[in-house]
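Observations on chain architecture
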Amino acid sequence: MRGGKPNNFFTRVWDTTRQIPRGRVATYGMIASIVSTSRAARQVGWALHAMDKLPPQDIRTIPWHRVINSKGYISTTCQEHTANEQADLLQKEGIEVRRRNNLWWVDLQKYLWHPKRLDAQR
DNA sequence: CAGTTGACAGCAG
DNA sequence: ACTGCTGCCAACT
C-alpha cells in the first residue's frame, strides 16, 4: 500500500486468501501461520481491513469473506464489508451460515479449508 | 522512537 | 461450558 515499501505481510495475506477454494473457509490463525507466525492472527484481520484501500478490481479478486475466526464466527467489524454481506457471500457459495449467539456461524468441521501445504507463498 | 490500535486466539477464572 | 483477560505483532500516529 504505502508507496515504495513491499509490505510483504499484507501482500502475503491477500495472496494466501486468494488460495482459499470456493465453498471453503479459513481462519485468521491459519492465514497467519502461513504468512508469518500463528501468533499474528490479529494482523491478518488488519490486513484484510486494509484491503479496502486497494482498487475495486483488485478487491474483487480477494475472497475476504472466506476468512472467519477460529470459533467459526464471522467477526468483521468493517463498515464497508459487513458481517451480513459476508454471510450472504458465503451462502451463495453453498456454505451453510446459521445464527448463533446473535452472530453468523459456520461449521468448521464441515467447511474448513485443508491446504495441501502450509509453506509460505515465497 | 514510544505509545496506540485491532475483521484473533488461547487460557484462566 | 461460558465469559473475560492477556499476549501477539505489524502498521499507524
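In this section: the packing of aromatic side chains. Counted under the stated rule, the structure contains 2 aromatic pairs. Seen in terms of ring centroids, Phe9 and Phe10 are 6.2 Å apart; in terms of plane orientation they differ by 55°. Their pairing is tilted. For Phe9, a relative accessible area of 23% gives the class partly exposed. Ring plane angle 55° and centroid distance 6.0 Å describe the contact between Phe10 and Trp14, whose orientation is recorded as tilted. A residue pair is termed a helical-turn pair when its members lie 3 or 4 positions apart in one helix, as Phe10 and Trp14 do in helix α1 (residues 8-19) at 4 residues. The rings of Phe9, Phe10 and Trp14 are connected pair by pair, giving a single aromatic cluster. Above the ring of Trp104, the side-chain terminus of Arg99 is found at 4.3 Å from the ring centroid. A cation over a ring is seen here: Arg100 above Trp105, with NZ or CZ 4.2 Å from the ring centre.

Take the confidence of the model for chain A next. Summarising the model, chain A shows a mean pLDDT of 89, and 89% of its residues fall at 70 or more. Counted against residues more than four places away or in other chains, residues 1-6, with its pLDDT under 50, gives 7 contacts.

Around DNA strand B, the surrounding shell holds 19 residues, and the nearest of these are Tyr28, Gly29, Gln43, Ser70 and Thr77. The sugar-phosphate share of atoms of DNA strand B within 4 Å of the protein amounts to 45%. Between DNA strand B and the protein, one listed contact pairs a base nitrogen with a side-chain N or O atom of Tyr28 at 2.7 Å. Within the backbone of Ser75, one N or O atom sits 3.1 Å away from a sugar or linking oxygen of DNA strand B. Within the residue set of the surface near DNA strand B, elements represented by two or more residues are α2 (28-35) and α3 (41-50).

Procedures and definitions
Residues numbered from 1 in each chain as written. Chains lettered and ligands numbered in written order. Predicted model: local features only at pLDDT ≥ 70, side-chain atom pairs only at ≥ 80, totals over all residues. Heavy atoms only, no water. Phe/Tyr/Trp six-rings, centres within 6.5 Å; stacked < 30°, edge-to-face > 60°. Buried < 20%, exposed > 50% of the residue type's maximum accessible area, 1.4 Å probe, protein only. Helix = DSSP H or I, 4+ residues; strand = E, 2+ residues; numbered from the N terminus. Lys NZ or Arg CZ within 6 Å of the ring centre and 35° of its normal. pLDDT = per-residue confidence, 0-100. Contact = heavy atoms within 4.5 Å. Near = heavy atom within 4 Å. Polar contact = N/O pair within 3.5 Å; in protein donor to acceptor, adjacent residues only side chain to side chain.

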